[in-house]
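# Overview (structure and organization)
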Amino acid sequence: MTRIKVLVVDDSALVRRLVTTALESAPDIEVVAVARDGLEAVSMVGEVEPDVVTLDIEMPNLDGLGALTRIRATHPRLPIIMFSTLTERGASATLEALSRGASDYVTKPSNTGRIADGIAAVRDQLVPRIRALAGLRQLGLQGAAAAAPVVRRQRPTPTQPVTALLIGCSTGGPDALARLLPRLPADLRVPVLVVQHMPPVFTAMLAQRLDKVCPLPVREAKDGEEVLPGEVLIAPGDFHLRLRRSALGARVALDQGPQENFCRPAVDVLFRSALSVYGAGALVTVLTGMGQDGLAGTRELAAAGARVLVQDQATSVVWGMPGAVAGAGLADDVLPLEVLADRLGSVIRSSATPARAR
C-alpha cells in the first residue's frame, strides 16, 4: 500500500508530537518530516516531496502565511492544510491563508493538557482531509479522464419564480464564496442563505470579509430575524440554520440540535427547512466541499421542482458535496465557478418573467 506522505510544520514541540502521533495511527499516512518554522518548511518541501503539508500560522522566522506564499509559487497543486487557533486573530489569518491558496484548515485543540484527547481531536479533523486532498491531487495528476461521469436529471422547465437562493459548501468554500457572491447583481430580489462548514468566530469573520467585497449586505444570521430579499445570511458556527414561515415569508430559527453529516451547521438542515417555505421557488447551489452534506436536502427540493446548480470538479477544491448531487442526477447543470454566479443571476431574473402563452 502506498502511504500518503505528510510534512508537519509547527513551532511547538507539543503540537508536532500530537500531529505526528495522530497521523501515524492511520495505516495509510506517513509523516516524512517535521519543520519548526516557515523557512524550514519551504526548504523541506523540495527535499522530501510530500503529498500534503500541515502548516501552522504563527511561527518565528517565517510565519505560515509567508511560507504558504513561497510554497505556492513552486508547488501550485500541493495540498496545504492550515493549523489555526479558535480565536478572532486565528480566524482572520486562516481566511487570509485560504484566499492565498491554502486547501483547507483545522483548528488546534483548545486544551492539550490531556495528550490522548488532543491526539483524538487532531486525528478526527486531519485524517479525512488529508485522504480527500491527497486523493484529489492524484486524480489531477492522472488527468480529467479519471473523473466520474456527471448524470443530469431530466424534467420539465420550471415555471415558478425563484424566491430564494440556497448555498451549501465546505472545503474550499470560503474562497469559492469570495469569488461567487461579489458577482451577484446588486439588485438581486431574493434572499441568499448560506451554510459553510466553519466553527464559531470563523463564520463571523467570513461574513465581515465578504460584506466588504459584495454588492449585497452579508452578515451572520440571527435567531428570529426576518429573511429579506437582497441580503446574504450565513449560518453561525455551531448553530443549525432553519427557516420558519412568517407573515413576510420566512424567519430564521437557530438551534444547536444534533450534528448532521458530522456537521453543525449542516447544509441538509437548511435545505430541508426551506422545502416548506420556498418549495419549487428555491434555487439550490452546492459548491466545493468534502462529504455528502446537502445531498438529502437537495433530493427533497429537487423532487418539489426546485432548480439545482452545482460547481464542477475542475474548479472545486474537493468535489465531494457537488459531486454527490451531480452523481445522483439531481443537478440541472454543472458549471465552473467563474460561470456559476452569472448563471444564478440569469436564472433568477428569467424566472421572474412569466413565460409567454402559446
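As shown above, the structure is provided for reference.
The rules behind the values
Residues numbered from 1 in each chain as written. Predicted model: local features only at pLDDT ≥ 70, side-chain atom pairs only at ≥ 80, totals over all residues. Heavy atoms only, no water. Helix = DSSP H or I, 4+ residues; strand = E, 2+ residues; numbered from the N terminus. Rg over C-alpha atoms; globule rule 2.2 N^0.38 Å. Buried < 20%, exposed > 50% of the residue type's maximum accessible area, 1.4 Å probe, protein only. Contact = heavy atoms within 4.5 Å. Areas by Shrake-Rupley, 256 points an atom, 1.4 Å probe, with all protein chains shown as cover. Lys, Arg positive; Asp, Glu negative; His and termini not counted. Charge placed at Lys NZ, Arg CZ, Asp CG, Glu CD. Expected span 1.5 Å × (residues − 1). Axes fitted to C-alpha atoms, helices over the stretch in contact; angles between N-to-C directions. Parallel < 35°, antiparallel > 145°, perpendicular 65-115°, else oblique. Left-handed = near helix turned anticlockwise from the far one by under 90°. Nonpolar A, V, L, I, M, F, W, Y, C, P; charged D, E, K, R; others polar. Polar contact = N/O pair within 3.5 Å; in protein donor to acceptor, adjacent residues only side chain to side chain. Phe/Tyr/Trp six-rings, centres within 6.5 Å; stacked < 30°, edge-to-face > 60°.

## Quick notes on the overall build of the protein
For the protein, the count of helices and strands is 11 helices and 14 strands. For 358 residues, the compact-globule estimate of 2.2 N^0.38 gives 21 Å, and the protein sits close to it at 21 Å. Along the first, second and third principal axes, the C-alpha atoms of the protein reach 70 × 45 × 35 Å. Taking all 358 residues of the protein together, 54% fall into the buried category. Here the analysis covers contacts within the protein between residues at least 6 apart in sequence; of these, 73% occur between residues at least 24 apart. Accessible surface for the protein amounts to roughly 15500 Å². Of this, 52% is attributable to carbon and sulfur atoms. Side chains of the protein carry 38 positive and 37 negative charges; the gap between the two charge centres is 6 Å.

## Description of the side chain of Thr-285
When you line up the elements, Thr-285 lands in strand β12 (residues 282-286). The buried category is assigned to Thr-285, whose relative accessible area is 0%. Here Thr-285 is in contact with Leu-165, Leu-166, Ile-167, Gly-168, Phe-271, Leu-309, Leu-340 and Leu-344, once residues within four sequence places are set aside.

## A look at helix α7 (residues 202-213)
The end-to-end C-alpha distance of α7, which contains 12 residues, comes to 17 Å, matching closely the 16 Å that a straight helix rising 1.5 Å per residue would cover. Within the sequence span of α7, burial applies to Phe-202, Thr-203, Met-205, Leu-206, Ala-207 and Leu-210.

## Side note on the packing of helix α6 (residues 173-180) against helix α11 (residues 337-351)
The N-to-C vectors of α6 and α11 enclose an angle of 50 degrees; their axes lie 9 Å apart at closest approach. For the element pair α6 / α11, the angle class is oblique. Read as a crossing pair, α6 and α11 show a hand that is right-handed. Across from Ala-176, Arg-179 and Leu-180 in α6, the residues of α11 making contact are Leu-337, Glu-338, Leu-340, Ala-341 and Leu-344. Taken together, the residues of the contact of α6 with α11 sort by class into six nonpolar, no polar and two charged.

## Topic: the environment of Gln-125
Relative to the elements of secondary structure, Gln-125 occurs in helix α5 (residues 115-142). Once residues lying within four places of it in the same chain are set aside, the contact partners of Gln-125 are Val-106 and Thr-107. Within polar-contact distance, the side chain of Gln-125 engages the backbone oxygen of Thr-107 at 2.7 Å.

## Some thoughts on the packing of aromatic side chains
Two descriptors summarise a pair of aromatic rings, namely the distance from one centre to the other and the angle between the planes of the rings. Within this structure, the stated rule accounts for one aromatic pair. For the ring pair Tyr-105 and Phe-202, a centre distance of 5.2 Å and an interplane angle of 10 degrees mean the geometry is stacked. Pair noted here: Tyr-105 is in strand β5 (residues 104-107) and Phe-202 is in helix α7, with a separation of 97 residues, a long-range link. Overall, the relative accessible area of 6% leaves Tyr-105 in the buried class.

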